Amino acid sequence: VAPGVTSGIAIRADDVVIDLAGYTLSGPGSGLSAAVSAEATTRAEVRNGAVRDFGYIGIYLGPQGTAENLQIENCAAGLALSAGGSARRVHITGSELIGIQTVGGAEIIDCSVSDCAAGIVLFLGSTVTRCSVWGSDSFGFLSLGPVIYRDCTVIGAVEEGFSGQSGAVFENCTALAAGTGFEGENGVTIRNCTARLCSVEGIAVSGSVGSSLVADCHVENAPIGIRVEQPAMINGNFINNASTSGIQMGATTTDVALLDNVVMNAASAIHHLGTGANCFYARNTYTGGVVLGANATWGPLVIGVNNVDDDAGGDSPWANIQH
């Protein structure tokens, strides 16, 4: 904890358990104050109660610390975990800064953050399962390095719903009413995810290192459904109601495969802004126009419903279908 911080409970030994037994720790509402601080110890546990109105942070735990069955309200920051820490069933509301933050890998399960400036920040090696962020003035989930997200939800984020990089994995997650639903950089996996009502784009992958996978996702009501700015496999996705582009590749994007995607009701279904070197498009079904880079490989095109057109290669297993 920062110098000068006053703690309601300061833990100075390892292996201490604080069981609040349903009671609440209330703070002064301002100043450098924390409900529980255990930053210099290991394996501290805080559970079964509530903290509110602390001006610096609700709970700060050192390595392998555990927070469980807690409500944290109206603290500048909610919960901070160190390497090897865990949080289960912690619910945070009204943080002026960050709801949950980790330093080093941590495990976050069945937690929620609502009405905060920023949701949950995670560092490499963390896993997040069945967590949610409701109403963030910036991002929902932000990760640095390989973080795994499973069954998580963001509803209402001004910027990114989910943002990750360098090996991050998003599985079965949902972003509603975000700026960008999912943003990945330098090789991420986004699988079986949903992005709806996004003001900028549903899914975006970018970066100069690695290759990304976007597979079996559902994007609806976003100006750009999926934006691709790095080598990637874009496979089996469904995009509906994209006012600008269903799937858009950047001007310098290369080494992209678009397979088995469905794009409906898009001004431009598939749009490559550049030359498209080493890009391959096949078995996609779409309405709206297509703009390809000069060096892209386009599978045989079938126009119509029956998918039989010998001249256009309609019997080819690689055929793209335009409705």
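Just so you know, these numbers come straight off a predicted model, no measurement behind them.

Trainee: Help me understand the overall build of the protein chain in this model?
Mentor: The number of helices and strands found in the protein chain is 0 helices and 36 strands. Each principal axis of the C-alpha distribution contributes one length, and for the protein chain these read about 80 × 30 × 30 Å. In the protein chain, buried positions account for 50% of the 323 residues. Within the protein chain, contacts between residues at least 6 apart in sequence are counted, and of these 23% link residues at least 24 apart. Surface exposure of the protein chain reaches about 12,400 Å², of which carbon and sulfur atoms provide 52%. Seen as two clouds, the 12 positive and the 29 negative side-chain charges of the protein chain have centres 10 Å apart.

Trainee: Got a minute to help me understand the packing of aromatic side chains in this structure?
Mentor: When we look at a pair of aromatic rings, we describe it by the centre distance and by the angle of the planes. Inspection of the entire model under this criterion finds 7 aromatic pairs. Between Phe162 and Phe182, the ring centres sit 4.7 Å apart and the planes meet at 5°, which makes this aromatic pair stacked. Of this pair, Phe162 sits in strand E18 (residues 153-165) while Phe182 sits in strand E20 (residues 174-185), and the two are 20 residues apart along the sequence. Note on accessibility: Phe162 and Phe182 belong to one class, buried. Every member of this aromatic cluster is reached through a ring pair, and the members are Phe141, Tyr149, Phe162, Phe170 and Phe182.

Trainee: So what exactly am I meant to see when it comes to the pattern of salt bridges here?
Mentor: Once their charged atoms are close, side chains differing in charge can pair, the charge on each being opposite to the other. The tally for this structure, following the rule as stated, stands at 13 salt bridges. A salt bridge links Asp19 to Arg47; the shortest N-O distance between them is 3.6 Å. Here Asp19, found in strand E2 (residues 17-19), pairs with Arg47, found in strand E5 (residues 45-52); they are 28 residues apart in sequence, far enough to count as distant. Taking the relative accessible area as the measure of exposure, Asp19 reaches 40% and is therefore partly exposed. On the accessibility criterion, Arg47 (27% relative accessible area) is partly exposed. Two residues, Arg88 and Glu107, come together in a salt bridge whose shortest N-O distance is 2.9 Å. Of this pair, Arg88 sits in strand E9 (residues 85-93) while Glu107 sits in strand E11 (residues 106-109), and the two are 19 residues apart along the sequence. Here the salt bridges do not stand alone but share partners, grouping Asp19, Glu45 and Arg47 into one network.

About the criteria used
Residues numbered from 1 in each chain as written. Predicted model: local features only at pLDDT ≥ 70, side-chain atom pairs only at ≥ 80, totals over all residues. Heavy atoms only, no water. Helix = DSSP H or I, 4+ residues; strand = E, 2+ residues; numbered from the N terminus. Buried < 20%, exposed > 50% of the residue type's maximum accessible area, 1.4 Å probe, protein only. Contact = heavy atoms within 4.5 Å. Areas by Shrake-Rupley, 256 points an atom, 1.4 Å probe, with all protein chains shown as cover. Lys, Arg positive; Asp, Glu negative; His and termini not counted. Charge placed at Lys NZ, Arg CZ, Asp CG, Glu CD. Phe/Tyr/Trp six-rings, centres within 6.5 Å; stacked < 30°, edge-to-face > 60°. Salt bridge = Lys/Arg side-chain N within 4 Å of Asp/Glu carboxyl O.

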